[in-house]
Amino acid sequence: ERLEGCVRNTGMHACGIIIAPKDLTEIVPVSMSKDSELLITEYESSVIESAGVIKMDFLGLKNLSILKDAIKLIKQNYDIDIAVNDVPLDDAITYQLYQRGDTNATFQFESAGMQKYLRELKPDKFADLIAMNALYRPGPIAYIPDFIRRKHGLEPIEYDLPEMEEYLSDTYGITVYQEQVMLLSQKLAGFSKGDADVLRKAMGKKQIEVLNKMEAKFLKGAMEKGHPEDKLKKIWEDWKAFAQYAFNKSHSTCYAYVAFQTGYLKAHYPSEYMAAILNHAGDLSKITFYMEECKRMGIRVLGCDVNESDKGFSVNAHGHIRFGMGGLKGVGEAAIESIIEERQKNGNYKDIFDFIKRVNQRTVNKRSIESLVHSGAFDEFKEMHRALYFNIQAGESVNNIERIIKYGNAVQSSGQESMSLFGDIGMPEIPTPKILPCDEWSLIEKLEKEKEVTGIFISGHPLDRFKFEMMHYGIMTLAEFNELKAATDKKPAVGRNYRIAGLVTSAQHRLTKTGREFGILALEDFTEKSEIALWSDDYIKFKNYVEAGLIVVVNGHFKQRYNSDVLEFKITNIYLLETIKGMMTNNIDIKLTSEMITPQFVDFISNNISKHKGKTAVKFKIYDREENFMVNMFSANGGVEMNDDLCDYLLSVPDLEVNVGLVG
């Protein structure tokens, strides 16, 4: 019992800093810690300020490093010094980026929901961004549609009292910030600055008792100033409701300011900004996402190149982003530094033999060279395709990489790489190895090796052209499918059809011990790999699809294995993914708002439907926000045959909701 209420252990806040008016030891007890060079206070955070000090949280922000990196790349490429704190806050090109909702990879405004609201709001001043940053959170998000309507004059801007306009005009009459409440309490009820701050704290921390006490003070003070009681009560009730999610304007402004700086650089220096983003992306899924964004922006992301790549992502003379050598497995830091240093000193490498003569072979070893080949870093040396490096020629016992390395060693130890500057001085020149032709690797082999060393398909995933199908045809990702297969507690529904799709990365035709044929397919989509076995009749029916490089759809269901409680996946059918649109599309519903029906939209849809007549019914569901009603419209000229142009267009129009009705 005596232990109750005692401190059990001490902890240190990750970024809480105490600021004091004089030596800290004169005000509070302090201690030392092995985790910090600073003194640690022995009072806890909730009471420390009552001792006469200020507590501050200093947080790090990755976006500041991104800005710094982008500025460095801009300086490198254009010799322009960007002072990021001086970017003009009325820059039209940056506001156009926000109005289009092109905010992927910018700070604070990235989410799909926020992008949709930005396209509706069409912000044209900094105050709009501050407000959106504060409103886009659970609770106040409900005010965003009103905020948008008021900005565009679709709803009147009203104030409970005319005096409130001074502080609420920026946010179109909607209370968004704690500061607005503080200023209005001073203006309407004569609150002191101290009272206003107590009110702010009570609202932020939902201190209902304090708020109730302050209500009487507010009503009394405001009525003395001649304001009507009924209006004041309404204002107070609104504030009380607002208390749950009151936001601090200074906080929102700082965030919106950093966000605007990222938006400015993305709008004006897109390649350099996206290279900086990729350098700080961290995990591979983020890198893939940002590479997609580059593609959407029309920026090419190229693989490694020994003559152009730096350690990280960089931008070449054509504005394309180059993958950095630092992202390759098997290439050490010392190897990268020596490749870049030699290139900067003596110019680009002319071919693989020039490369091997010039680099430091103590750091650039065989493993490094293999990884560089797999990544495509030598692809610019056109006379050598990737398979040639690994080929063992007739009459040779080692592959060509080892022969090339041996040649480089011989040249370096004879000193000829430095003598060649002064011409032949009588020593016989060491002949370059003769490389005989061999078959090139298939696309699958290239991509697989590329993925091994970089973690991703840099040259683009073969499924890229099937994004619409993967999204709208009931296809389960292989990550989900694998989870389902491995589940022990929540087993998949027996008999229910599951549809998966992917690239066949390897295909094996095998024999059982009893001499019966069977096949094994390794499939890969954007998420994971999975293996599927085809037994007896299934193998006979579908063995044409057991072929690496095909992109297939597999339908099937789980069934109980004979005499066992183990579930196995039974294949119903397999077909090529490219045929699914033609076979499976019954109807297509397109939901959009009336503002989205632009002349370009009408032209494209009408031309596409008349050019590709077919059996798929097309229905448009058009929602009118002003009138708040929905109208259904059908394609007058009959149906459409689903085609790539239509799918690509529907994917490219933001905020369009597409629903594909499937056959059967």
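Relevant structure appears above.
Residues numbered from 1 in each chain as written. Predicted model: local features only at pLDDT ≥ 70, side-chain atom pairs only at ≥ 80, totals over all residues. Heavy atoms only, no water.

1. Re the overall build of the protein chain
Move 1: When helices and strands are counted, the protein chain shows 27 helices and 18 strands.
Move 2: In terms of overall size, the protein chain is more extended than a compact globule, its C-alpha atoms giving a radius of gyration of 33 Å where 664 residues would be expected to give roughly 26 Å.
Move 3: Dimensions of the protein chain, computed from C-alpha atoms along their principal axes, come out at roughly 105 × 75 × 65 Å.
Move 4: The proportion of buried residues among the 664 residues of the protein chain is 43%.
Move 5: Here the contacts in the protein chain between residues at least 6 apart in sequence split such that 62% fall between residues at least 24 apart.
Move 6: Within the structure as shown, the protein chain displays about 36,000 Å² of accessible surface, and the carbon and sulfur contribution to it stands at 52%. (Helix = DSSP H or I, 4+ residues; strand = E, 2+ residues; numbered from the N terminus. Rg over C-alpha atoms; globule rule 2.2 N^0.38 Å. Buried < 20%, exposed > 50% of the residue type's maximum accessible area, 1.4 Å probe, protein only. Contact = heavy atoms within 4.5 Å. Areas by Shrake-Rupley, 256 points an atom, 1.4 Å probe, with all protein chains shown as cover.)

2. What about the nonpolar core?
Move 1: Ranked by size, the top nonpolar core spans 91 residues in total, and within it Leu 265, Ile 321, Phe 355, Leu 372 and Phe 378 carry the most contacts.
Move 2: Here this core takes seven residues from helix H5 (residues 126-135), the largest share from any one element.
Move 3: Sequence-distant contacts of Leu 265, that is, excluding residues within four places in its chain, are made with Leu 67, Ala 70, Ile 71, Ile 74, Ile 82, Pro 270 and Tyr 273.
Move 4: Counting residues in each nonpolar core, the second largest holds 35 residues, with Ile 444, Ile 588, Val 618 and Tyr 649 among its members. (Core = buried A, V, L, I, M, F, W, Y, C linked by side-chain atoms within 4.5 Å.)

3. Topic: the sheet that holds strand S5 (residues 301-302)
Move 1: Taken together, three strands build an open sheet; the order of strands is S5-S7-S6 and the sheet is mixed. Of all the strands in the sheet, just S5 and strand S6 (314-315) have a single pairing partner and so form its edges.
Move 2: In terms of strand pairing, S6 meets strand S7 (residues 321-322) through two bridges, oriented antiparallel. Along S7, the bridge assignment pairs Val 315 with Ile 321. (Pairing = 2+ DSSP bridges.)

4. Structural notes on the packing of helix H26 (residues 599-611) against helix H27 (residues 644-652)
Move 1: Running from amino to carboxyl end, H26 crosses H27 at an angle of 160°, the nearest separation of the two axes being 10 Å. Taken together, the axes of H26 and H27 are roughly antiparallel relative to one another. You can see that H26 and H27 cross each other, and the crossing is left-handed. Listed contacts from H27 to Gln 600, Phe 601, Phe 604, Ile 605, Asn 608 and Lys 611 of H26 are Asp 645, Leu 646 and Tyr 649.
Move 2: Tallied by class, residues from the contact of H26 with H27 come to five nonpolar, two polar and two charged. (Axes fitted to C-alpha atoms, helices over the stretch in contact; angles between N-to-C directions. Parallel < 35°, antiparallel > 145°, perpendicular 65-115°, else oblique. Left-handed = near helix turned anticlockwise from the far one by under 90°. Nonpolar A, V, L, I, M, F, W, Y, C, P; charged D, E, K, R; others polar.)

5. Re helix H11 (residues 229-242)
Move 1: Between its terminal C-alpha atoms H11 stretches 20 Å, which fits the 20 Å expected from 14 residues at 1.5 Å a residue.
Move 2: Regarding H11, the residues found buried are Leu 232, Ile 235, Trp 236, Trp 239 and Phe 242. One side of H11 carries all its buried residues, which in axial view fall inside an arc of 120°.
Move 3: Buried residues belonging to H11 abut helix H8 (178-189), helix H9 (193-204) and helix H10 (208-224). (Expected span 1.5 Å × (residues − 1). Arc of directions from axis to C-beta.)

6. Topic: unusual backbone geometry
Move 1: The residue Asp 79 is not glycine, and still its phi comes out positive at about 55°.
Move 2: Position of Asp 79 among the secondary structure elements: in the loop between helix H2 (62-78) and helix H3 (92-100).

7. What to know about the sheet that holds strand S13 (residues 585-593)
Move 1: Spatial strand order, S16-S15-S13-S18: four strands in an open sheet with mixed pairing. Both outer strands of the open sheet, strand S16 (629-634) and strand S18 (657-662), are each paired with one neighbouring strand and no more. Strand-to-strand twist across the sheet, computed as the mean angle between neighbouring axes with direction ignored, equals 20°.
Move 2: Taken together, the seven bridges between S13 and strand S15 (residues 617-624) define a ladder with parallel strand orientation. By the bridge assignment, Ile 588 is partnered in S15 with Val 618.

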